[in-house]
Amino acid sequence: MTCDLAPSILSFDLTNLRESVVTLATSGARIIHFDVMDGQFVPPITFGDAYVKSLRSVVGSLFEAHLMVQTPERQFEAFAAAGCKRIIFHAEATVHAYRLAQSLASMGVEAGVAINPGTPVEAVEPLLDVVQLVLVMTVNPGWGGQSFLPSALAKVAHIRKLRPNIDIEVDGGIDPKTLPIAREAGANVFVVGSHFARAESLSASVQEMAGLCA
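The notes below deal with the structure included here. What you are looking at is a predicted structure, and each value in this text was computed from that prediction instead of being measured.

Turn by turn, an α-helix covers 3.6 residues, leaving residues three or four places apart pointing in a common direction. If you check which residues of helix H6 (residues 178–185) are buried, you get Thr-178, Leu-179, Ala-182 and Ala-185. With its buried residues spanning 125 degrees around the axis, H6 presents them on a single face. Residues of H6 that are buried sit in contact with strand E1 (4–7), helix H5 (153–162), strand E7 (167–171), strand E8 (189–192) and helix H8 (202–213). One or two steps after H6, the chain reaches Gly-186, where phi turns positive at roughly 130 degrees.

The next thing to look at is the pairing of E1. Across the two faces of E1 the burial is the same, with Asp-4 and Ala-6 and Leu-5 and Pro-7 all buried. Direction of pairing for E1 relative to E8: parallel, over a ladder of four bridges. When the sheet's bridge partners are listed, Leu-5 is paired in E8 with Phe-190.

So, on to the state of the cysteines. Scanning the entire structure with this criterion turns up one disulfide. Note that Cys-3 is cross-linked by a disulfide to Cys-213, the S-S spacing being 1.8 Å. With the S-S bond torsion at -100 degrees, the cross-link from Cys-3 to Cys-213 turns out left-handed. Within this pair, whereas Cys-3 is found in the segment before E1, its partner Cys-213 is found in helix H8, the two being separated by 210 residues in sequence. Given a relative accessible area of 16%, Cys-3 falls into the buried group. For Cys-213, a relative accessible area of 5% corresponds to the buried category.

Spatially, eight strands are ordered E1-E8-E7-E6-E5-E4-E3-E2 in an open sheet, and the strand pairing comes out parallel. Two strands lie at the open edges of the sheet, namely E1 and strand E2 (31–37), each paired on one side alone. The average angle at which neighbouring strand axes cross in this sheet is 25 degrees, direction not considered. Of the strands in this sheet, E2, strand E3 (62–68) and strand E4 (84–90) touch helix H2 (residues 49–56), which is tilted by about 170 degrees from E3.

Calculation rules
Residues numbered from 1 in each chain as written. Predicted model: local features only at pLDDT ≥ 70, side-chain atom pairs only at ≥ 80, totals over all residues. Heavy atoms only, no water. Buried < 20%, exposed > 50% of the residue type's maximum accessible area, 1.4 Å probe, protein only. Helix = DSSP H or I, 4+ residues; strand = E, 2+ residues; numbered from the N terminus. Arc of directions from axis to C-beta. Contact = heavy atoms within 4.5 Å. Pairing = 2+ DSSP bridges. Disulfide = S-S within 2.5 Å. Axes fitted to C-alpha atoms, helices over the stretch in contact; angles between N-to-C directions.

Laid out in structure tokens, this is it:
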């Protein structure tokens, strides 16, 4: 499986975001990850589709929207129109996850499903034939800067055993120490937020993490 970095802009200085996104892309990040929060599924509120659209012309990277929202299907068309080629919704946010994945496929958008630390793998097993990616949260969703939860690794390993060719993304506490551990468990897409946002040299930090992903 291809190994990819998916930098999250959540913890970045929004006043310099365009420059940061260009640096991320030119330094080796193929994916830009947008954490969309509605203040209901998780307490914080972040940004909407207009913000994503404003960055679409800046880089050619794949944009993915991670919808930490209630009724995520109401946001699908807007984020697809904003330029997101992959949309990830939470299994906990809907009772119709299979239908939502089919809906994204009908729009020509890659479907991803996410699970929180307290949600078992069994919640997404029926979806593995209709999604392209499973996101395993390695922190509780809502805030950047949290510590990596090693207990999530068993879920990653279980999903990889069930589907050797599916993309498995991990999100939360990913840094040079935890990326190799998560990769060994079976993850191949790595959301990196606070580690990049705190870096003295963003370009050098991306290149270091990309080297671990090589």
